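# Breakdown of the fold
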Amino acid sequence: MEIKTLAVGPLETNCYIVSDEATREALIIDPGDEPDRIVDFAEGLKVRYIVLTHAHFDHAGAVPELKEATGALIALHPGERAAYFHVSEQAALWGFDAGAMPEPDVILAEGDEIKFGNASLRVLHTPGHSAGGICLLGEGAVFTGDTLFMGSVGRTDFTGGSPEQLRDSFRRLMGLPPETMVLPGHGPATTIGRERTGNILSGEV
C-alpha cells in the first residue's frame, strides 16, 4: 500500500491518496480543497473511491470536482449525511466557498472493507468529533480524520460532537498495536504507542 499525503486548503487538511502498487487502484481520503493539485498527485492511478472520515467542509470541499474528474464512488458514514449536504453553508460560515455536493454512492458501516486492487481498509466508527466520524485501518496504519491527532484529539463543540463518545473512540484506538502508524486529518503522523502516553487523553486509557 502506497500513501501520498497532501496538506490542502487554508486549514491544511491532510488529504491522503492511498494506492495498491500492483494494480494502481486507489482511493482518496478527505479531499478538502485544491482539487487540481490532488488530481495531479493521483496521475496514473485508477481512483475507485473518495472516502470521507467526516463531512466537515475542510475535509470534503473538493469532492464535487474530484467526482467529476475521476468518476470515483463517494463513501461516507450515514451519520454524516446531514453535514455533507450542508458543506457549502459550513464553508461560508468560515469565509470560504464550496460547491453543491453530489449524492453519495456508498454508505459505510462499522466493519466494512473498502477494497482497491489487492489492498483494503476497514471502517471503524469513531464518533465524538462528529456523529458519523470514521477511521480507516489497514496494513499497520490508521487514518483517523479529526478523531485523533499527535498529542490531542478533535473538537467536540460542533453539531454532532460528544466528549463522551470521543473518549470512547480514543480508548478504542488505543487498543490497536502500539506500532500502528496514525495518519491524522491535520498535523504530523504519530503512532498509537506514542499517543498512549503523550496524548491529552492518555489518562483515559
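Attention here is on the structure that accompanies the text. (Residues numbered from 1 in each chain as written. Predicted model: local features only at pLDDT ≥ 70, side-chain atom pairs only at ≥ 80, totals over all residues. Heavy atoms only, no water.)

## A word on the packing of aromatic side chains
Within a pair of aromatic rings, the relevant descriptors are the distance that separates the centres and the angle that separates the planes. This is how it is decided: To pair, rings of Phe, Tyr and Trp, with the six-membered ring standing in for Trp, must have centres within 6.5 Å; the planes then decide the type, stacked if under 30 degrees apart, edge-to-face if over 60, and tilted in the middle. Helical segments are the DSSP runs of H or I of at least four residues, strand segments are the runs of E of at least two, and each set is numbered from the N terminus. Only protein chains enter the accessibility calculation, which uses a 1.4 Å probe. A residue is then buried if its area is under 20% of the maximum for its type, exposed if over 50%, and partly exposed in between.
Across all of its chains, the model carries 2 aromatic pairs by this definition. An angle of 70 degrees between the planes, with centres 5.1 Å apart, marks the rings of Tyr16 and Phe143 as edge-to-face. Here Phe143 lies in strand β10 (residues 141-145) and Tyr16 lies in strand β2 (residues 13-19), a separation of 127 residues in the sequence. Of the two residues examined, Tyr16 and Phe143, each falls in the buried class. Relative to Phe85, the ring of Tyr84 has its centre 5.1 Å away and its plane inclined at 80 degrees; by these criteria the two rings are edge-to-face. A relative accessible area of 33% means that Phe85 is categorised as partly exposed.

## What to know about empty space enclosed by the protein
Counted only if it meets this: Using only the protein atoms, space was sampled on a 1 Å grid; points where a 1.4 Å probe fits but cannot get out form cavities, open sets with protein on both sides within 12 Å along at least five of seven lines form pockets, and lining residues are those with an atom within 4 Å of a point. Grid points are joined across faces, edges and corners, and a volume is the space filled by probe spheres set on the points. Classification convention: Asp, Glu, Lys, Arg as charged; Ala, Val, Leu, Ile, Met, Phe, Trp, Tyr, Cys, Pro as nonpolar; all other residues, Gly among them, as polar.
A complete count under the given rule lists 1 cavity of 30 Å³ or more for this structure. Each pocket or cavity is described by its volume, and for the largest cavity that value is around 40 Å³. Lining the largest cavity are Thr53, His54, Thr126, His129, Ser130, Gly133, Ile134, Thr144, Gly145, Asp146 and Thr147. Its residues assigned to classes, the lining of the largest cavity comprises 1 nonpolar, 9 polar and 1 charged.

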